[in-house]
Every structure is written in C-alpha cells, then in structure tokens.
Amino acid sequence: MNSVFVKRGRFLAIFLALFSSLFLLGCQEDLLNTEDVQNSSLKNGQLVSADMEGMLPGGAMYEIALPETWNYLPIKLLIVYAHGYVDVTKPVALPADMIAGMPIKEMLLNGIDYMGNPLPIGYASTSYRSNGLVVLDAVKDIKQLRAQIDISFAASEYLHPDAIVLAGVSEGGLITVLTVEQNPGIFNAAIATCCPIGDFYKQLRYYGDAHVLFKYFFGPSFNDISIGSPKGVSKNTMLAWEDGSLKIAITEALQYDYMYNGGNKIRQFIACAGIPINEVVQALQPELTIQSILEVLRFPIMATNDAIERLGGNPYNNKYPPTEYADSDNDRKLNLTVERVYRKTWEQAKDEVTKYETTGMLYTPLVSLHTEYD
C-alpha cells in the first residue's frame, strides 16, 4: 500500500475512533435553534439547492457534499471542516485544503480505512465571512453552518447524519475548540489539530519575538525589501511575500548561513525564538529547517496588520518589562540592540485577546493533535 493511502487511512482512522466513542458516550441533544438561519434564507429568497451550497446569514459561503452511497451507509458521519488561516490579501473562498496531495473533501467522500476498505464520509465547510484573524466571526459562521445542515437535510432527499463532528486545523483548530466550548451539544465530537489553543496571547508573543529576532540575526531587509516589524508591515512587503520574491531572498540568506557559517546564525535564531527544531534536524535536514522558519515568518509578515486592526491595538510588547532573550552567542549584545516594541494600545489589545483564549472546559469529546517542527 503506498504512503498516500497509509496517510489517508491514519487520518480517517482518527474520525472512526472518535465516532465509535460517540455511541459509548451517548448522542448529545441538538441545542441549536435554526429559526434565525431559516428566516434569513426565506428573506433572501434562497432555496436549498440539490448540491447544498449557498450563503450563510453572516455572509459566509457554505457547502455540504455527500458520497453517492450516503442513504445506504449503516452509519452516516458528517465532518464539518474548519479551515485554517488564509491571508487577508486573498479572496474569500470555500477551502480546497489537501493532505498528502489529496483534497480533504475528496478524501472523505471517497475515503478508505487503513485496511483499504471503503469508508465514505460526508463533508461540510464554510469560507467564513472574511480572511485573516477571523476567529470570533468564524465561530458564528460555524454555528450558522451547523444550523444550515439541519435545514438542508430536512429540505433534501438525504437522510440526516447520525453524528456530526467538527474538525479544524491551525486557526480552524482554535475556532473548533472555541465553538464546542461555547456551544456544548451542537456537535457530537471535535478534532483540533496544529492549533494555538491554551494560550493565544503567548502564541502572538511567539510570532512577535520571531519577527524581531530574525531581523537581529539576518537583517531588516532582503533585496531592499523590508520585512516589517511587529509595529506594522508595509503593503510592498506583503506583496513581495505573496509573489515569492521575499521568500526566495530569505531562503537565499538562510542557505548562505548554512554554506559559509555552518548554520550558526540559524542555530542561534532557533534557540532564542524557541522554534521546535532540534539540532539534529538543523544539521541533517537544512531544507526542512528553512521551510519551518519560513512558516514561522509567514504570520508576522502577513498577519501583523490584520491582528492590530482586529484587536484594536498592538498586542506585542517586549519593552515594558523588557523581554530577556537567551541562548545566543552574545546575549548581552542581543538584548541591548534587538528591536523593542511597545504601543499605548497594548493593554487594550491584550484585553481583547482574552476573547480568543480557550478555557479547557469541555462537554463535547475533543481530540487534539500537533505536528513536529512547528
């Protein structure tokens, strides 16, 4: 069996394990009131189409897709997929995310288990009403989608799901956890992967620290393109990231450090920023290390401005009190010269961040997973 199908089987096995637990725990009562969504659909003159696509009351797009054998399945499981962070510069669209090169939607509709047996699962998702740090609005969109699912099935020839599981990745994982914490009972179970749960403020600090530390070790600009700051990022910088020119320039700088400096600056940056890449990987897998660093830098470059706007201020502060960075070759020089950031709106933004914090108080079964190397 090739590796793609093994990965698909493992991915779907998670859903099976969760689904089996649902019946041990007992199906939870559906606490959602669908009246608001129903009234909005009627007011807008929308009819549920055969392919179950449309617009939610908040303006987000949605789709519900089922395998051809749906009505004949002994257990009808519908996965509601909460997609991850999409850059604010991109158009709002339904997700087309993939695992091992295969679209998640197709993987579920044509699913197989780890033994190669057919395992079709229903799929539903939403674009959210906007991109960027849309977490709070996305929770509303997921709740509206859950209500729309009941409406769509009631108006179609398809049998209602036996269980509905919410599954999210990255920002979608945070959206997933907040949704089930705040709305117990509307989903039978949930899966949250690779997501900033537990301490969202600490996650924002992590990206801000990576931003200023990268500038310290590698310089504030590449090919005359500034990489910005936790204070803000220019449109030109964001465009250069999107068209790939900035990523290429950063990659070349990292490759240069490997070739002519033994990766010493990379080692210091990773240690000071707390990026989870061990020294063996740094030494033996430079391509993986560089890719992980680029993934970390994406959010400071593409998400800083949006976060400041949505949080009503700048949530990053390494100046009062001064953050003490360590594990460089010269910590004294680092702490004296690294960029220090503080804005008067910091406390206001920090208060707003509390709305993004998960509590750990769960009444819905939840499985959380994470990857290596950030």
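Keep in mind that what you see is a predicted model, and the values were worked out from it rather than measured.

Conventions we followed
Residues numbered from 1 in each chain as written. Predicted model: local features only at pLDDT ≥ 70, side-chain atom pairs only at ≥ 80, totals over all residues. Heavy atoms only, no water. Buried < 20%, exposed > 50% of the residue type's maximum accessible area, 1.4 Å probe, protein only. Helix = DSSP H or I, 4+ residues; strand = E, 2+ residues; numbered from the N terminus. Arc of directions from axis to C-beta. Contact = heavy atoms within 4.5 Å. Pairing = 2+ DSSP bridges. Axes fitted to C-alpha atoms, helices over the stretch in contact; angles between N-to-C directions. Core = buried A, V, L, I, M, F, W, Y, C linked by side-chain atoms within 4.5 Å. pLDDT = per-residue confidence, 0-100. Expected span 1.5 Å × (residues − 1). Salt bridge = Lys/Arg side-chain N within 4 Å of Asp/Glu carboxyl O. Phe/Tyr/Trp six-rings, centres within 6.5 Å; stacked < 30°, edge-to-face > 60°. Lys NZ or Arg CZ within 6 Å of the ring centre and 35° of its normal.

This part is about helix α7 (residues 235-242). Every buried residue belonging to α7 is among Thr 237, Met 238, Ala 240 and Trp 241, and all of these are buried. Looking down the long axis of α7, one finds its buried residues gathered within 160 degrees of arc, a one-sided arrangement. Set apart from the buried face of α7 by more than 90 degrees, the exposed residues are Lys 235 and Asn 236. Close packing links the buried residues of α7 with β10 (225-226), α8 (245-261) and α11 (286-311). After α7 finishes, the residue Gly 244 shows a positive phi value of roughly 95 degrees.

Strand pairing in a sheet relies on backbone hydrogen bonds. The paired strands run either parallel or antiparallel. The strand order across the open sheet built from seven strands is β1-β2-β6-β3-β7-β8-β11, with neighbouring strands paired in mixed fashion. Every interior strand has two partners, whereas the edge strands, β1 (53-55) and β11 (366-369), have only one. Here the strands of the sheet are splayed against their neighbours by 15 degrees on average, with no regard to which way each runs. Alignment of strand β3 (residues 77-82) against strand β7 (residues 163-169), held across six bridges, turns out to be parallel. Bridge assignment links Val 80 to a residue of β7, and that residue is Leu 166.

Now for the nonpolar core. Residues Leu 213, Phe 214, Leu 246, Ile 250 and Phe 269 are the most contacted members of the largest nonpolar core, which totals 43 residues. Those elements that provide at least two residues to this core are α6 (200-218), α7, α8, α9 (264-273) and α11. Of all the elements, α11 adds the most residues to this core, at nine residues. Counting 40 residues, the second-largest nonpolar core is a separate cluster that includes Met 52, Tyr 62, Ile 64 and Leu 133.

Across the protein, the average pLDDT comes to 87, with 85% of residues at or above 70. Segment residues 1-11 is flagged for pLDDT under 50; beyond a separation of four residues in sequence, or across chains, it makes 17 contacts in the model. Every residue in residues 15-50 is under pLDDT 50, and counting partners more than four places away or in other chains gives 59 contacts.

A rise of 1.5 Å per residue sets the reference length of helix α4 (residues 135-154), with its 20 residues, at 28 Å; its end C-alpha atoms lie 29 Å apart and thus fit the reference within 8%. In terms of burial, α4 is largely enclosed, as 15 of its 20 residues are buried.

What follows deals with the pattern of salt bridges. If you walk through the whole model with that rule in mind, you get ten salt bridges. Among the salt bridges present, the one from Arg 298 reaches Asp 87, with a minimum N-O distance of 3.0 Å. Of the two residues, Arg 298 is situated in helix α11 and Asp 87 in the loop between β3 and β4 (98-99); the sequence distance between them amounts to 211 residues. Residues Arg 298 and Asp 87 agree in their burial class; the two are buried. For the salt bridge of Lys 355 with Glu 352, the shortest nitrogen-to-oxygen distance reads 3.2 Å.

Before going further, it helps to spend a moment on the side chain of Asp 141. Mapped onto the elements, Asp 141 comes out in helix α4. What makes Asp 141 buried here is its relative accessible area of 0%. Beyond its immediate sequence surroundings of up to four residues, Asp 141 is in contact with Leu 56, Ala 60, Thr 126, Tyr 128 and Arg 129.

A word on the pairing of strand β2 (residues 61-65). Counting buried positions over the five residues of β2 gives four, a clear majority of the element. Sheet topology places β1 next to β2; three bridges connect them, and they run antiparallel. Bridge pairing in β2 places Gly 54 opposite Tyr 62. In this structure, the hairpin formed by β1 and β2 is closed by a connection of five residues, where Gly 59 is found at a positive phi of approximately 100 degrees. Pairing of β2 with strand β6 (residues 122-128), which is carried by five bridges, proceeds in the antiparallel orientation. Looking at β6, one finds that Tyr 62 is bridged to Thr 126.

Within the structure shown, the criterion is met by 14 aromatic pairs. Arranged with centres 4.8 Å apart and planes meeting at 25 degrees, the rings of Phe 214 and Phe 218 form a pair that is stacked. With Phe 214 and Phe 218 both in helix α6, this residue pair falls four residues apart, about one helical turn. Residue Phe 214 shares its accessibility class with Phe 218, and that shared class is buried. Pairwise contacts between aromatic rings join Tyr 85, Tyr 206, Tyr 207 and Phe 299 into one cluster. Over the aromatic face of Tyr 201 sits the side chain of Lys 350, whose NZ or CZ is 5.0 Å from the ring centroid.

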